[in-house]
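Structural features, examined
Listed below, chain by chain, are the residues.
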Amino acid sequence: MVATRVSLKLLVDVRGRRVLFGEAGKDFVDFLFSIMSLPVGTVVRLLNKEGMVGSLGTLYESIEKLSDVYMQPLQDKEALLKPKVLTSGATSLPQLLPNFESSKESKDKGFYKCTNYGCVSYIAEDPKATCPQCNYRMMSHQVKLVKTEKKVSNSLSYTSASSSEAEGEGGFVKGVVTYMVMDDLMVEPMSTISSIALLNRFNIKDVCALEEKTIKIGMDEALKLLKASLQSKTVLTDVFFGKKANISGP
């Protein structure tokens, strides 16, 4: 798979050695919003246990080492160590973070019910799961999940074709807007007025000290952003204003 790279423009205060804000498109904002859907276990795996700040890394390691003997019969350590990432409503997201789900896991995924006649209350994703109703350890009868189509009410029948196209755009935000991303990752629609107001708030007297930088964000930068977002209120400055940052001129 070809690595995805996303562009981001930064307005940098060279003298103050800080990023004032970034000018981002839909793809970068979708990536930032997708961070909120990551389970804690996935974040620990992405950043590695050793790279975690605080005690989440050691907690993750303790679960890894804990014998299955101490786990409840219907509980699986994999659900904690390798939780499923929320994907509902988040199609077409830029692939900036590693995907731990293998193609085999995706292909073999299914839903199963108990083989005992009359047990119809429970469905499992593991064919070896124990049925909570009859305690029979053979929920191996595969069933199909029927996806329901969205119904549009009569009051919304006037919706234009362009609205339908927007729904199929995927991701979280609309692509017709340019977004302002602050150093602390606050996101809002960009406007000329808001940009001028920010310059006043940062007390910028000499605009000659400002430079526009364009950066390319790949998997390495995405992981740095994820890690910095857990540690800092100056994420963009910490990640992109260092000596090793991948920054080029406009």
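Counting restarts for each chain, with residues numbered from 1 along the sequence as it is written. A pLDDT threshold of at least 70 governs which residues receive local features in this predicted model, and a stricter bar of 80 or more applies before side-chain atom pairs are shown or counted, although totals over entire chains, interfaces and linings include all residues. Water and hydrogen atoms were dropped before computing side-chain values, which therefore reflect all heavy atoms in the structure.

We now examine the confidence of the model for the chain. Low-pLDDT portions of the prediction should not be read for the details of their coordinates. The quantity known as pLDDT measures the predictor's confidence residue by residue, on a range of 0 to 100. Per-residue confidence for the chain gives a mean pLDDT of 79; residues scoring 70 or more make up 78%. Contacts between residues were defined by any pair of non-hydrogen atoms, one from each residue, lying within 4.5 Å. Segment residues 102-108: pLDDT under 50, and two contacts once partners within four positions in sequence are set aside and those in other chains are kept. Predicted confidence is poor over residues 243-250, with pLDDT under 50, and the contacts of this stretch with residues over four places away or in other chains come to 18 contacts.

So, on to the environment of tyrosine 136. Helical segments are the DSSP runs of H or I of at least four residues, strand segments are the runs of E of at least two, and each set is numbered from the N terminus. Mapped onto the secondary structure, tyrosine 136 falls in the loop between strand S3 (111-113) and strand S4 (141-143). Classification of tyrosine 136 by relative accessible area gives partly exposed; the value is 37%. Counting along the chain gives 22 residues from tyrosine 136 to cysteine 114, while the straight-line C-alpha distance between them is 7.6 Å. Residues in contact with tyrosine 136, not counting those within four places in the same chain, are Cys114, Thr115, Asn116, Ala129, Thr130 and Cys131. For every residue, the accessible area (1.4 Å probe, protein chains only) is compared with the maximum for its type, and the residue is labelled buried under 20%, exposed over 50%, or partly exposed between those bounds.

With that out of the way, let us pick up helix H7 (residues 192-201). Within an α-helix, residues lying three or four positions from one another point in the same direction, as the helix has 3.6 residues per turn. Within H7 the residues assigned to the buried category are Ser194, Ser195 and Leu198. What you see down the axis of H7 is that its buried residues fit within an arc of 100°, all on one side. Summarising the geometry of H7, the exposed residues directed more than 90 degrees from the buried face are Thr192, Ile193 and Asn200. Elements that come into contact with the buried residues of H7 comprise strand S2 (18-24), strand S5 (179-182) and strand S6 (187-189). To obtain the arc, one takes the directions from the helix axis to the C-beta atoms.

Further remarks concern unusual backbone geometry. Backbone geometry at arginine 17 places phi at a positive 50°, although glycine is not the residue there. Take arginine 17: it is sitting in the loop between strand S1 (6-13) and S2. Positive phi, close to 60°, is recorded for asparagine 203, a residue that is not glycine. Structurally, the position occupied by asparagine 203 is in the loop between H7 and strand S7 (210-217).

Pairing of aromatic side chains requires ring centres within 6.5 Å, counting the rings of Phe and Tyr and the six-membered ring of Trp. Pairs whose planes differ by under 30 degrees are stacked, by over 60 edge-to-face, and all others tilted. Scanning the entire structure with this criterion turns up one aromatic pair. Taken together, a centroid distance of 6.2 Å and an interplanar angle of 45° make the contact between phenylalanine 28 and phenylalanine 31 tilted. Within this pair, phenylalanine 28 and its partner phenylalanine 31 are both found in helix H1 (residues 26-35), separated by three residues, close to a single helical turn. Grouping residues by exposure puts phenylalanine 28 and phenylalanine 31 together as buried. Positioned above the aromatic ring of phenylalanine 202, the side-chain terminus of arginine 201 is 5.8 Å from the ring centre. In this scheme, the term charge over a ring applies when either NZ of a lysine or CZ of an arginine sits within 6 Å of the ring centre and within 35 degrees of the ring normal.

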